[in-house]
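# Summary of structural features
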Amino acid sequence: MRVRGRRAGVRRSGPAGAHHGAPLLALISSPLAAIVLAFVALALGYALATPAWNNPDEPAHYNYVRQVAAGALPELRPGDWDAVRLDYLKTYRFPPGESIADLRYESHQPPLYYLLAAPLLLASEPFGQRASVLALRALSIVLGALVVLVTYRVAQAAVFPPGGSGGSGAARHAVPPPTPRAEEGPGARGGAATQERGRYWESPASWAVPLLAAGLVAFVPMHTAMSAAVNNDALANLLSGVLVLALLWGMGRGFSARAALAVGLLGGALGLTKVTTYGLVPLALAVVALVRLRQDGGPARPGAWLSAGRAIGLAALALVLVGGWWLVRQGLVYGWDDLLASRRHELVVVGEPRWSDLAVEPVSYFASTLFQSFWAQFGWMAILVDERLYRLFGLFGVLALFGLSLRLRATTRALLLPSSPASLALLKGEGARLLLLGAVCVVVFAEVAYYNLTFVQPQGRYLYPALAALATLLALGWDSLVAHGRVGRGLAAAWLVAAALDGTSLLLGAQLSVRVVYATALVAGALVATRPTGSRVESAARPALALGAVLALGLLDLVCLVRAVGAGFAG
């Protein structure tokens, strides 16, 4: 019996078991709990500091909730959009006493978020409109906190695939697995939760990537702000993240009939939430088909295509059962040739800016505005932050992408080994998981770019359905940069010092010279880079610099709240 206990203890100490099966007590005793609590506190700050209706499209989303609470789904009609009046209200930040009842241009949106929000509106309306707005913003904050938790799980699944897939050699050595504790049985440390907490702290490199990915989602300032607004974004981001997590799990464990149905259910829920997530549905179906082919021995094996077809059929059936009724309703209301109400939308939103109306170079304006509004551009895109913050965000992205390129190079070498056909090699190990995460980002970006072919809408928040995948890629890149050697650790340390100096000085209202900040950062980075290397230094540097990045991003988020949103709406 003692031998069985020791063996069980070893099994649970593996990379997958140490986290994917962790009980809730182990989760809430981790730094992840601190990140979620900090996110909620900052989001509440944004909710309280931002006057009603001063988030993008907030009045139109609120009116949709009101119509659903009254017992009917709205229809987008001429008159629901008045460009001149909306510009006036945005310019003067929705003066008290001005009605927003005629702003109904979001009435073509799918209904799931509004169905969830309607009971909350009915419960809060007796306390006044401000209480209703705050209650609906609180719902978004809860959904945003769940996005943070789901991102943590997505990053875990990317680093330690469910099902015990070892992946490529590059993947196995990218993040050291938790240290087994074979000498302890199941009850030796006071229960499973205590064992999980012990393993959590004993092998910090195993949680550096998930923790940084969760911190990125929590402390991208614009995401925090939009998670404190009345809109359907947070629910769309949450369901998109859950779908990515389900696909990663399926890639590791295979897609059973139940798993294929789950993917279909999630796809149907996305179809009921936000049009900007629709591109993820065919991607998910393609992943299910490819993984089923791999499970059944490849496309050349008899019956493999039939098995893949059954999996796709089950997923499609669930998708239609959940979301099909909405397309039928859209066809009856807007016509069967306008199921997404896009043509009706173009007829109604007369006066929405188009590229031909602007005296700007479209590509550069699109790129710069998309970057700034992804990180921090508040209100109705009118409140920018200090240029030093954009510089810090950009440098973080460059460093993380450079580290990701190093990781991709190692993974690509492993994938190109002639041990299996190339078509199946892409479905194995870390290469497949990185490919999926990258494909999610590409699909969402393509949707944003396509919409901007007509209207001027380079809003970074439209990229947030891919936020869990993007944050995981950036966290993997940062970790790979730090693990690359002295230079990588020096560059990461230099960014942390620059972020700490600039963030603290901006928060306190001081002005530090750019030369002083970056000279100090380079000196600190050089000191870190010249330190002797060793296994202990390398293993400690990765979690330390990941935690440092989380703290730095949290500081910058706080700066945006106090110095941009708070000061901007108070002035």
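Residues numbered from 1 in each chain as written. Predicted model: local features only at pLDDT ≥ 70, side-chain atom pairs only at ≥ 80, totals over all residues. Heavy atoms only, no water.

### Some details on the pattern of salt bridges
What counts is decided by this rule: Here, a salt bridge means any side-chain nitrogen of Lys or Arg that lies within 4 Å of a carboxyl oxygen of Asp or Glu. The numbering of helices and of strands both runs from the N terminus, where a helix is a DSSP run of H or I of at least 4 residues and a strand a run of E of at least 2. Each residue's exposure class comes from its accessible area (1.4 Å probe, protein chains only) as a fraction of the maximum for that residue type: buried when under 20%, exposed when over 50%, partly exposed otherwise.
In this structure the tally under the stated criterion is 13 salt bridges. A salt bridge links D102 to R85, with the shortest nitrogen-to-oxygen separation between them at 2.9 Å. Taken together, the residues D102 in the loop between α6 (83–91) and α7 (112–124) and R85 in helix α6 connect sequence positions 17 residues apart. The class for D102 is partly exposed, based on a relative accessible area of 26%. Residue classification places R85 among the partly exposed positions, given a relative accessible area of 21%. Residue R343 pairs with D337 through a salt bridge whose shortest N-O separation is 2.5 Å. The class for R343 is partly exposed, based on a relative accessible area of 49%. Each of D57, D233, K274 and R461 takes part in salt bridges that share partners, so that together they form one network.

### As for the nonpolar core
One recurring pattern in soluble globular proteins is that nonpolar side chains are buried together. Note the cut-off: Here, the term nonpolar core denotes a set of buried Ala, Val, Leu, Ile, Met, Phe, Trp, Tyr and Cys residues that are joined through side-chain atoms within 4.5 Å.
The biggest cluster of nonpolar side chains holds 159 residues, and the ones touching the most others in it are Y113, V148, F378, W478 and W495. The element contributing the most residues to this core is helix α8 (residues 129–159), with 15 residues.

### A look at the packing of aromatic side chains
Two numbers describe a pair of aromatic rings. These are the distance of the centres and the angle of the planes. Stated formally: For this analysis, a ring pair means two rings from Phe, Tyr or Trp (six-membered ring only for Trp) whose centres lie within 6.5 Å, classed as stacked if their planes differ by under 30 degrees, edge-to-face if by over 60, and tilted for the remaining angles. Only when the NZ of Lys or the CZ of Arg is both within 6 Å of the ring centre and within 35 degrees of the ring normal is a charge said to sit over the ring.
Following the criterion strictly, the structure yields 16 aromatic pairs and no others. Ring plane angle 40 degrees and centroid distance 5.5 Å describe the contact between Y451 and F455, whose orientation is recorded as tilted. On the basis of relative accessible area, Y451 is assigned to the partly exposed category, the value being 30%. With a relative accessible area of 3%, F455 lands in the buried category. Here the aromatic residues F374, W375, F393 and Y464 are joined through ring pairs into a cluster of three or more. R253 extends its terminal NZ or CZ atom over the ring of W249, reaching a point 5.3 Å from the ring centre.

### Comments concerning the side chain of R461
Threshold: Polar contact is defined as a pair of N or O atoms within 3.5 Å, subject to the rule that within protein one atom must be able to donate a hydrogen and the other to accept it, and that residues adjacent in sequence are counted only when both atoms are side-chain atoms. Two residues form a contact once any of their heavy atoms are found within 4.5 Å.
Considering the arrangement of structural elements, one finds R461 in the loop between α21 (429–451) and α22 (467–483). A distance of 3.0 Å separates the side chain of R461 from the side chain of D57, its partner in a polar contact. Every residue in contact with R461, bar those within four places of it in the chain, is listed here: P56, D57, M226, D233 and S373.

### Focus: α22
Selection rule: Here the expected length of a helix is defined as 1.5 Å per residue gap, with one fewer gap than residues.
With 17 residues, α22 extends 24 Å from end C-alpha to end C-alpha; this agrees with the ideal 24 Å at 1.5 Å per step. Across the 17 residues of α22, 15 count as buried, placing the element largely inside the fold.

### Structural notes on the confidence of the model for the chain
The condition is simple: Scored from 0 to 100, pLDDT reflects the predictor's confidence in each residue.
Considering every residue of the chain, the mean pLDDT works out to 84; 82% of them sit at 70 or more. The spread of mean pLDDT over the elements of the chain runs between helix α9 (residues 169–174), the lowest at 37, and helix α12 (residues 221–226), the highest at 98. Note that residues 165–202 has pLDDT below 50 and, in this model, 88 contacts with residues that lie over four places away or in other chains.

### Thoughts on unusual backbone geometry
Phi at R93 is positive, roughly 55 degrees, even though this residue is not glycine. For R93, the location among the structural elements is in the loop between α6 and α7. Since its relative accessible area comes to 33%, R93 is described here as partly exposed.

### Section: the packing of α21 against α22
The angle between the axes and the distance between the axes are what describe a pair of packed helices. Worth spelling out the cut-off: Lines fitted to C-alpha atoms define the axes here, with helix axes fitted over just the stretch in contact, and angles between the N-to-C directions of these axes take values from 0 to 180 degrees. Every angle not falling under 35 degrees, over 145, or within 65 to 115 is termed oblique; those three ranges are roughly parallel, roughly antiparallel and roughly perpendicular. Handedness of a helix crossing follows the sense of rotation of the near helix relative to the far helix, less than a right angle counterclockwise being left-handed and clockwise being right-handed. Gly is put with the polar residues, along with every residue not named as nonpolar or charged; the nonpolar set is Ala, Val, Leu, Ile, Met, Phe, Trp, Tyr, Cys and Pro, and the charged set is Asp, Glu, Lys and Arg.
Relative orientation of the contacting elements α21 and α22 amounts to 130 degrees, with a least axis distance of 8 Å. Classified by the angle between their axes, α21 and α22 sit oblique to one another. Crossing geometry of α21 relative to α22 is assigned as left-handed. Counted together, L434, L437, G438, V440 and C441 of α21 and A469, L470, T472, L473 and L476 of α22 form the full contact between these two elements. Per-class residue counts for the contact of α21 with α22 are 8 nonpolar, 2 polar and no charged.

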